[in-house]
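Descriptive analysis of the structure
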Amino acid sequence: MEQLQKTWVYLSAQPLFHLTLTLAAFQVGLFLYRRSGSFALVNPVLIAVALIVGFLVLTGTDYGTYFQGAQFVHFLLGPATVALAIPIFRQFSRVRHSWKAMLASLVAGSVAASLCAIAIGWAMGAGMATIASLAPKSITTPVAMAVSEQIGGLPSLTSVFVIATGIIGAMAGPWLLDRLGVKDAAARGVAIGTASHGIGAARAIEESEAAGAFAGLAMGVNALLTAILLPLVWVWLTK
Amino acid sequence: MLFYLTLIFACQLAGELIVGILAVPVPGPVAGMVIMLGVLGLLRRVPQDLGAIAQTLLGHLSLLFVPAAVGVMLHFRLIGGEWAAMSVAVLVSTLVGIAVTGAVMMVLGRRDAPSAPQSSRPGED
């Protein structure tokens, strides 16, 4: 028992332990997600985060210690963001014919979603850190977290908002578009991809190949535009 | 394979450098993504090995943001105090975003593409 205690003290201070914990918790999340038939609400990241946070709280481990191990996974976010250029480039050639309409609707929807989130947060008395964390919530998590950090938000809070946004978009998006009479696959894909990034795009692919391609491209372009424009608009908004 | 992995890291590094030197408020990796888009534009195609590496990195993209997302444990008090504003803002803004994008695209698409591709599988609707 004493040996176990000693070994635990040693291992829990090693990066290997929390790195393995991160991978294992995500595997559990992925397993449950697949078991549920890819149901959006059973999000693997949310499950992994809940398991890890629960474990850290129970063992009295602070986030800094955890991150010592988890940073090896975290580091790959940067290269993965660069790699997003590859699907964007591929999809662009597939949907080239309607890029004007796509760009216009994407900008309109992206600005509307962001301003709406900022306005509601502000009207309901949220603090600046929360509002800044809400502003980039429509775009894909790695870019959203980077933008959030840039404008004074909390990247971890943003990641939760982004995932919630994706789940809402994937679940309510097709229904809402039916209500509005938006039938065209391109329009549906762009709408879901712009407003709810990868989680929404995964749902759009289930509708049709075309909707999926448009959703994937919309998600990429929105991430790019938001990352470039939001920090500039933010400076002006908070002046 | 290693060459394209190096290229990805080099794009990110170049992005971080450019952003730092120009002092523009754009995340370095996003600048790296733009550089990579430029490289692909010059090549006019995606080399097979580059595609394979991107597939590996992006196939498990959601795993990569778990460590940062666990950071919410630092903000329990903030969430406890502002959860109502957060929930309403996320829910409403998502629906507004989808509605606006879909509506604008529907209106513009009608005018923009008179020869919009019809469903090749009639009778499925």
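Below you will find a few notes about this structure. These numbers come from a predicted model, not from an experiment.

Basis of the calculations
Residues numbered from 1 in each chain as written. Chains lettered and ligands numbered in written order. Predicted model: local features only at pLDDT ≥ 70, side-chain atom pairs only at ≥ 80, totals over all residues. Heavy atoms only, no water. Axes fitted to C-alpha atoms, helices over the stretch in contact; angles between N-to-C directions. Helix = DSSP H or I, 4+ residues; strand = E, 2+ residues; numbered from the N terminus. Parallel < 35°, antiparallel > 145°, perpendicular 65-115°, else oblique. Contact = heavy atoms within 4.5 Å. Nonpolar A, V, L, I, M, F, W, Y, C, P; charged D, E, K, R; others polar. Phe/Tyr/Trp six-rings, centres within 6.5 Å; stacked < 30°, edge-to-face > 60°. Salt bridge = Lys/Arg side-chain N within 4 Å of Asp/Glu carboxyl O. Buried < 20%, exposed > 50% of the residue type's maximum accessible area, 1.4 Å probe, protein only.

So, about the packing of helix α9 (residues 141-150) of chain A against helix α12 (residues 209-237) of chain A. All names here are of chain A. Contact geometry for α9 and α12: axes closest at 10 Å, N-to-C directions at 0°. Judged by the inter-axis angle, α9 sits roughly parallel to α12. Contacts between α9 and α12 involve Val143, Val147 and Gln150 from the former and Ala223, Ala227, Leu230 and Pro231 from the latter. Here the contact of α9 with α12 is composed, by residue class, of six nonpolar, one polar and no charged.

Tallied over the entire structure, the rule returns seven aromatic pairs over all chains. Considering the side-chain rings of A:Phe75 and B:Phe9, the 6.0 Å spacing of their centres and the 20° angle between planes classify their relative orientation as stacked. One end of the pair, A:Phe75, is in the loop between α4 (63-74) and α5 (77-83); the other, B:Phe9, is in helix α1 (residues 2-22), on a second chain.

What follows deals with the pattern of salt bridges. Residue and element names in this part refer to chain A. Evaluation of the coordinates by the stated rule reveals three salt bridges over all chains. One salt bridge connects Arg188 with Glu207, and the closest N-O pair in it is separated by 2.8 Å. When its relative accessible area of 8% is taken as the criterion, Arg188 is described as buried. The structure contains a network of salt bridges with shared partners spanning Asp178, Arg188 and Glu207.

Read these as spatial facts, not as claims about activity.
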